[in-house]
Amino acid sequence: MFVVATAGHVDHGKSTLVRALTGMEPDRWAEERRRGMTIDLGFAWTTLPSGATIAFVDVPGHERFVPNMLAGVGPVPAAMLVVAADEGWMPQSAEHLAALDALGVGHGLLVVTRADLADPAPAAERARAEIAASSLGAVETVAVSGLTGAGLPELRAALDRLAARLPAPTVDDPVRLWVDRSFTVRGSGTVVTGTLGAGRLRVGDVLELAGAEETVRVRGLHCMGEARPEVAAVARVAVNLRGTPRDRLGRGDALLTPGRFHRTDVIDVRLTGDPAVDLPATLTLHVGSAAVPVRVRPLGADTVRLRLARPLPLLVGDRALLRDPGRHHVTGGVRVLDVAPPPLSRRGAAAARATVLADLDGRPDLAGELRRRRLVRVGALRRMGVPVQATPVAGDWLADPAHWQRLGEQLTEEVGRYAREHPLEPGMPVDALRQRLALPDRALVEALIRPPLRVHGGRIGTPAVDTLPEPVARAVQRVRAEYADRPFRAPEADRLVDLGLGPREIGAAVRAGALLRLADTVVLLPDALDAAVTVLAGLPQPFTLSAARQALDTTRRVAVPLLELLDRRGATRRLPDDARVVVT
Ligand SMILES: Nc1nc2c(ncn2[C@@H]2O[C@H](COP(=O)(O)OP(=O)(O)OP(=O)(O)O)[C@@H](O)[C@H]2O)c(=O)[nH]1
């Protein structure tokens, strides 16, 4: 099935055309029949020559009912713009086209009606020129008479071609069904209707109400007058919500796949088309079938922040329309750039925000969102409409890769600093670290830990120190504290004993990797090796033993075995003349 909305000036023959195509009566209300005018939305369907089904959303043409028109057009992907041959292009033709353009409707047809009353060519030419400048672009044109039926077979064929051009619906997406009507059916209870633009509905589904944060169960589904166990997009659908009082939901509400949409009352948007220089401070935002008053705060040249009078389930990339209800005038279109924007409380925040927004295009972009939010939950991103194809760093957290790497470096620094400031403690408490790094979740801290660091007893430290017997671990910490600023000076044997490290303790510490034995009684802290390579790499190459000794600020007792160890590990290479180079 595909769904097309009509559009066009009042009395140009939209309803007559839908009636002629479908044999159904789209104007449902007695008042509409009496006044010969469409006030609200009408619906009808038919089968095309290809066998495809097409449903029409027939909208009112009178300017007073533009909000109803927008509720019908908002969720529909294609439009049939109707212009009467005898009247030609009229104000509501223009306003309806402006609305379709603002909403970014990209597919449609031009139908010149009442072709039995006048030559359709002039009206067609003018209309085509207007339409060409809109999001609809170049459209196929068909002249018809709803009265005589002339042109209807050609129109059916053109509708088939239009259907073939429409993008395939995404039936696996979450459901956001904008409600355009709600009524009570005797014996069945509350029924709502809408255009299902994406996703799939099944009897028994549990859905959320956008406005009430409560869930409802789908008791029955109707599509084209028939009960169905399941309806997939794109379709006109009636949903029976027996048990839900009718006053709980109406036009502008939405039925949602639970947990998949972010309800927001603040959005940052880009104005599309010609951004008006002076936007009024209050306007009405039309999106889907909803119409909500908004307060407008300009940010950049074509970006504004909108504060909605009530929250709506919006996604990054949504198209919407701003209208000035006082002046009966479509102000322009917007594309949603951010549905969870940061507050603008600091001085200069608005200008900074405008710079960020200038780079956004409303296309959900995972890498960009991660860069801006740094750390964000999978569910939150999904609810904003960002497709998530990335592996969480911990739990359901996603991280910007560069930020994550910086956090890892900060963590190492913090743990190192803590060890220096608290030499007797066996590591830094995880919660203290979480606070230092301002991380929202302990799981993130744990995910950032890389060997040789590890968590032990709620603290983060090096495993060697953790697993050593308590007195030995303390003794090693004392060495660390005492030699922090001269890492290549090995303590003399009697100093080691003073610090609590006799031959047995030294053996345990070396086995655990907490000390590095260079020679019988020469020990260093294990990180001295890497530090030594860094110092040596800074020397003019090759360097001599004596240059190395001076650069490391140590004695031959340490320098000789240290360089030999580095040679064995391949970090340095000894040349035939006994000088060395650092291997890079
Ligand atoms: N001669 C002739 N009259 C037509 C044709 N199509 C519509 N009309 C007449 O034009 C008038 C308006 O037609 P509608 O179909 O109600 O127009 P509409 O565009 O649906 O009007 P709104 O929904 O109120 O905007 C009616 O009197 C129709 O009988 C046509 O092809 N030929």
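For the protein, an unreviewed UniProt entry supplies the name Selenocysteine-specific elongation factor and the organism Micromonospora lupini str. Lupac 08. Within the UniProt record for the protein, the comment given under Function (unreviewed entry) is "Translation factor necessary for the incorporation of selenocysteine into proteins. It probably replaces EF-Tu for the insertion of selenocysteine directed by the UGA codon. SelB binds GTP and GDP." Recorded under Subcellular location (unreviewed entry), the UniProt text for the protein is reproduced unchanged: "Cytoplasm".

Draft legend 1. Representation of the packing of helix 17 (residues 528-537) against helix 18 (residues 545-552). Interhelical geometry of helix 17 versus helix 18 gives an angle of 115° and a closest axis separation of 10 Å. Pair helix 17 / helix 18 crosses with right-handed handedness. Mapping the contact onto sequence places Ala532, Val535 and Leu536 in helix 17 and Ala548, Ala551 and Leu552 in helix 18. Considering only residue class, the contact of helix 17 with helix 18 consists of six nonpolar, no polar and no charged.

Draft legend 2. Geometry of helix 5 (residues 120-132). With 13 residues, helix 5 extends 18 Å between its outermost C-alpha atoms, agreeing within 8% with the 18 Å of an ideal straight helix rising 1.5 Å per residue. Among all positions of helix 5, only Ala123, Ala124, Ala127 and Ile131 are buried. The arc that holds the buried residues of helix 5, viewed along the axis, is 95°, so those residues lie on one side. Of the exposed residues in helix 5, those oriented more than 90 degrees away from the buried face are Glu125 and Ala129. On its buried side, helix 5 packs onto strand 4 (78-84), helix 4 (91-102), strand 5 (107-113) and strand 6 (140-143). Near the N-terminus of helix 5, the side chain that reaches the backbone nitrogen of alanine 121, with its oxygen 3.0 Å away, is that of aspartate 119.

Draft legend 3. Representation of the pairing of strand 19 (residues 290-298). Bridging between strand 18 (residues 282-287) and strand 19 involves six bridges; their strand directions are antiparallel. Across the sheet, valine 287 pairs through a bridge with alanine 290, a residue of strand 19. The turn joining strand 18 and strand 19, which pair antiparallel and follow one another in sequence, is formed by two residues; a positive phi near 55° is taken by glycine 288. Relative to strand 20 (residues 303-314), strand 19 runs antiparallel, the two being bridged by five bridges. Residue pairing in the sheet places valine 296 in a bridge with leucine 306 of strand 20. Hairpin connection from strand 19 to strand 20: four residues lie between these consecutive antiparallel strands.

Draft legend 4. Up close: the side chain of aspartate 160. The residue aspartate 160 is located in helix 6 (residues 152-165) in this model. This buried residue, aspartate 160, is left without a salt bridge; arginine 156 holds the nearest opposite charge, at 7.8 Å. Sequence-distant contacts of aspartate 160, defined by excluding residues within four places in its chain, comprise Leu48, Pro49, Ser50 and Ala52.

Draft legend 5. Fine view of the environment of glutamate 87. For glutamate 87, the location among the structural elements is in the loop between strand 4 and helix 4. Of the residues examined, glutamate 87 reaches a relative accessible area of 41% and is grouped as partly exposed. Taking C-alpha positions, glutamate 87 is 21 Å from arginine 19, a pair spaced 68 residues apart along the chain. Those residues within four positions of glutamate 87 in sequence are excluded, and the remaining contacts are His9, His12 and Arg114. Within polar-contact distance, the side chain of glutamate 87 engages the side chain of histidine 12 at 2.8 Å.

Reading the values: rules and limits
Residues numbered from 1 in each chain as written. Predicted model: local features only at pLDDT ≥ 70, side-chain atom pairs only at ≥ 80, totals over all residues. Heavy atoms only, no water. UniProt positions renumbered as here; feature names shortened; annotations may be inferred. Axes fitted to C-alpha atoms, helices over the stretch in contact; angles between N-to-C directions. Helix = DSSP H or I, 4+ residues; strand = E, 2+ residues; numbered from the N terminus. Left-handed = near helix turned anticlockwise from the far one by under 90°. Contact = heavy atoms within 4.5 Å. Nonpolar A, V, L, I, M, F, W, Y, C, P; charged D, E, K, R; others polar. Expected span 1.5 Å × (residues − 1). Buried < 20%, exposed > 50% of the residue type's maximum accessible area, 1.4 Å probe, protein only. Arc of directions from axis to C-beta. Polar contact = N/O pair within 3.5 Å; in protein donor to acceptor, adjacent residues only side chain to side chain. Pairing = 2+ DSSP bridges. Lys, Arg positive; Asp, Glu negative; His and termini not counted. Salt bridge = Lys/Arg side-chain N within 4 Å of Asp/Glu carboxyl O.

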